[in-house]
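Observations on chain architecture
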Amino acid sequence: MADYYELLGVGRDVDADSLKKAYRRLARQYHPDVNKDPAAEDRFKEIGRAYEVLSDPQARARYDQFGEAGLGGGGGMPDMGDMGGFADLFETFFSGFGGAGGGAAGGARRRGPRQGDDLRLDLTISFSEAVFGSEKDVQIRHLETCSTCSGSGAKAGSGPTNCGTCGGAGQVRRATRTPFGNFTQVAPCPTCEGSGQVIADPCSACGGQGLQQVRKKLRINIPAGVDSGTRLRVGQEGNAGQRGGPAGDLYVFLTVQAHPHLRRDGVTVLSEVSLNYLQAILGDTIEVETVDGQEPLEIPPGTQPGAVITLQGKGIPRLGNPVARGNHQFTIKVQLPTKLNGEERQLLEQLAGHHTSKGQRHHHKSGLFGGLFG
């Protein structure tokens, strides 16, 4: 589907009044009763959907940030805060079958406070920041209560008034006579959209919506031990609620950059260390890279290729308990020389001969160095 702003022929900074004028002009142009083009009905539905989203400040904010993916329908289970739309749809479907009671309850819900939407922020941090924690300054765009009208949507000195169409009830009734009897259909008032009130003189700053989209700087506290996929919740930093409702939350999803030499498995750090064959045979103390910097590592004599040596407590802090840390495991790789000078070869042959003379009974050992590594 095309971009909603392009469908309505408006810019992304369009105000509420201009948006409504653009929608009404296109609706008249493509209404199926007026336009007999077979494609007009689909076009009419598209611009209706576009206006439905862009005329709702919270839906518009989600669309601006995430596109159509932010409007639901992505396959996941919605939060309970999103159930209001489903309930309204249910009510619209079944309000014609009898109930003033159901319609009244729906009207009361729409007139009451409405919680703001949650927002998502994707944040990339370094390997070190994930291990030890940090503070990051970020900028977000979210809806806040309009500072000019304090959320009322009305111009200073004025206020909402009861809707003249529904008399403040938020709903209208229509009696329909059918062969099966008389039915009363209850539906949200089309003038006030079920709120029971209208704003005759809307606030110029927010277009009567009571909310404004603003850019805000936040400091995010990242605890030690987080990993890619960790979700942090920042309370009350989502979109502001309507009609005095509480604000939603901001959820920060973390991605951790890879380290050039170290890998992570839960709270364990993994890496490789290369030794020459003399270090492996005789043992040594070497400097190795850890998350804490350079640390000494003891290489026991006779260390075999593929052996794993562990440094206790030099791994990742446990999330929520940074005092407890995992370990760092080093996998040993042994490098063998490809060329030997005469003196080196003579010494190795003497060593091989010494071991061969000690193990002459082991005839199954073959070659000059058969007894050296037995």
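Quantities reported herein were computed from a predicted structural model and do not represent experimental measurements. (Residues numbered from 1 in each chain as written. Predicted model: local features only at pLDDT ≥ 70, side-chain atom pairs only at ≥ 80, totals over all residues. Heavy atoms only, no water.)

1. Side note on the packing of aromatic side chains
Inspection of the entire model under this criterion finds 3 aromatic pairs. Arranged with centres 4.5 Å apart and planes meeting at 15°, the rings of Tyr4 and Tyr63 form a pair that is stacked. With a gap of 59 residues between them, Tyr4 in helix 1 (residues 4-8) and Tyr63 in helix 4 (residues 57-66) connect regions that are remote in the sequence. Neither Tyr4 nor Tyr63 differs from the other in exposure class; each is buried. With a relative accessible area of 6%, Tyr63 lands in the buried category. Of the aromatic side chains, those joined through ring pairs into one cluster are Tyr4, Tyr5 and Tyr63. We note Arg43 situated over the ring of Tyr30; from NZ or CZ to the ring centre the distance is 5.6 Å. One Lys or Arg, Arg120, reaches over the ring of Phe253 and ends 3.8 Å from the middle of that ring. (Phe/Tyr/Trp six-rings, centres within 6.5 Å; stacked < 30°, edge-to-face > 60°. Helix = DSSP H or I, 4+ residues; strand = E, 2+ residues; numbered from the N terminus. Buried < 20%, exposed > 50% of the residue type's maximum accessible area, 1.4 Å probe, protein only. Lys NZ or Arg CZ within 6 Å of the ring centre and 35° of its normal.)

2. Notes on the nonpolar core
Membership of the largest hydrophobic core comes to 19 residues, with the highest contact counts inside it found for Tyr4, Leu8, Val10, Leu19, Val53, Leu54 and Tyr63. With 6 residues, helix 3 (residues 40-54) is the largest single contributor of residues to this core. In contact with Tyr63, other than residues within four places in its own chain, are Ala2, Asp3, Tyr4, Tyr5, Arg12, Val53, Leu54, Glu68 and Leu71. Ranked by size, the runner-up nonpolar core spans 16 residues in total, among them Leu121, Ile125, Leu232 and Val256. (Core = buried A, V, L, I, M, F, W, Y, C linked by side-chain atoms within 4.5 Å. Contact = heavy atoms within 4.5 Å.)

3. What about unusual backbone geometry?
Negative phi is the rule for most residues except glycine; trans is the rule for most peptide bonds. Even without glycine at this site, Ser150 takes up a positive phi of about 55°. Of note, Ser150 is situated in the loop between strand 2 (134-145) and strand 3 (161-162). Taking the relative accessible area as the measure of exposure, Ser150 reaches 62% and is therefore exposed. Its identity as a non-glycine residue notwithstanding, Gln236 has a phi of 65°, on the positive side. Within the element layout of this structure, Gln236 appears in the loop between strand 8 (231-234) and strand 9 (250-256).

4. Some thoughts on the sheet that holds strand 11 (residues 268-276)
Taken in spatial order, the 4 strands make up an open sheet running 10-11-17-14, and their pairing is mixed. In this open sheet, the two edge strands, each paired with only one partner strand, are strand 10 (263-265) and strand 14 (308-311). On average, adjacent strands in this sheet sit at an angle of 35° to one another, irrespective of strand direction. Here 4 bridges tie strand 14 to strand 17 (residues 328-335), and the two strands are oriented antiparallel to one another. Across the sheet, residue Leu311 finds its bridge partner in strand 17, namely His328. (Pairing = 2+ DSSP bridges. Axes fitted to C-alpha atoms, helices over the stretch in contact; angles between N-to-C directions.)

5. A look at the pattern of salt bridges
In total, this model carries 19 salt bridges according to the counting rule given. Residue Glu46 is joined to Arg43 by a salt bridge in which the shortest nitrogen-to-oxygen separation is 4.0 Å. With Glu46 and Arg43 both in helix 3 and 3 residues apart, this pair spans about one turn of that helix. By relative accessible area, Glu46 is classed as partly exposed at 30%. Salt bridges sharing common partners tie together Asp292, Glu295, Lys314 and Arg325. (Salt bridge = Lys/Arg side-chain N within 4 Å of Asp/Glu carboxyl O.)

6. Here's the deal with the packing of helix 2 (residues 16-30) against helix 3
The geometry of helix 2 relative to helix 3 is characterised by a closest axis approach of 9 Å and an angle of 165° between their N-to-C directions. When the interaxial angle is binned, helix 2 and helix 3 end up roughly antiparallel. Crossing hand, helix 2 versus helix 3: left-handed. Counted together, Leu19, Lys20, Tyr23, Leu26, Ala27 and Tyr30 of helix 2 and Ala40, Arg43, Phe44, Ile47, Gly48, Tyr51 and Leu54 of helix 3 form the full contact between these two elements. (Parallel < 35°, antiparallel > 145°, perpendicular 65-115°, else oblique. Left-handed = near helix turned anticlockwise from the far one by under 90°.)

7. What to know about a positive patch on the surface
A cluster of like positive charges, contributed by Lys20, Arg24, Arg25 and Arg28, occupies part of the molecular surface. If you trace the backbone, Lys20 turns up in helix 2. (Patch = residues over 30% accessible without salt bridge, like charges linked within 9 Å, V, L, I, M, F, W, Y side chains within 5 Å. Areas by Shrake-Rupley, 256 points an atom, 1.4 Å probe, with all protein chains shown as cover. Lys, Arg positive; Asp, Glu negative; His and termini not counted. Charge placed at Lys NZ, Arg CZ, Asp CG, Glu CD.)

8. Things to note about a nonpolar patch on the surface
A cluster of nonpolar side chains, contributed by Leu278, Ile281 and Leu282, occupies part of the molecular surface with about 280 Å² of accessible area. Among the secondary structure elements, Leu278 is positioned in helix 8 (residues 277-282).

9. Focus on the UniProt feature "binding site: Zn(2+) 1" (unreviewed entry) in the protein
Look at the UniProt record and you will see "binding site: Zn(2+) 1" (unreviewed entry) annotated at Cys146, Cys149, Cys203 and Cys206. Spatially, the listed residues are clustered: although they cover 61 residues, their C-alpha atoms lie within 9.1 Å of one another. Tracing the backbone shows Cys203 in the loop between strand 6 (197-198) and strand 7 (211-222). Residue Cys203 is classed as buried on the basis of its relative accessible area of 2%. Aside from chain neighbours lying at most four places away, what touches Cys203 is Cys146, Thr148, Cys149, Gly153, Ala154, Lys155 and Gly208. For Cys206, the position within the fold is in the loop between strand 6 and strand 7. For Cys206, the contacting residues outside a window of four places in its chain are Cys146, Cys149, Gly153, Leu211 and Gln212. (UniProt positions renumbered as here; feature names shortened; annotations may be inferred.)

10. Some thoughts on the state of the cysteines
Scanning the model with the defined rule gives 0 disulfides in all. The cysteine Cys149 is free of any disulfide, with Cys146 supplying the nearest cysteine sulfur at 3.7 Å. Not part of a disulfide, Cys206 finds its nearest cysteine sulfur in Cys149, a span of 3.8 Å. (Disulfide = S-S within 2.5 Å.)

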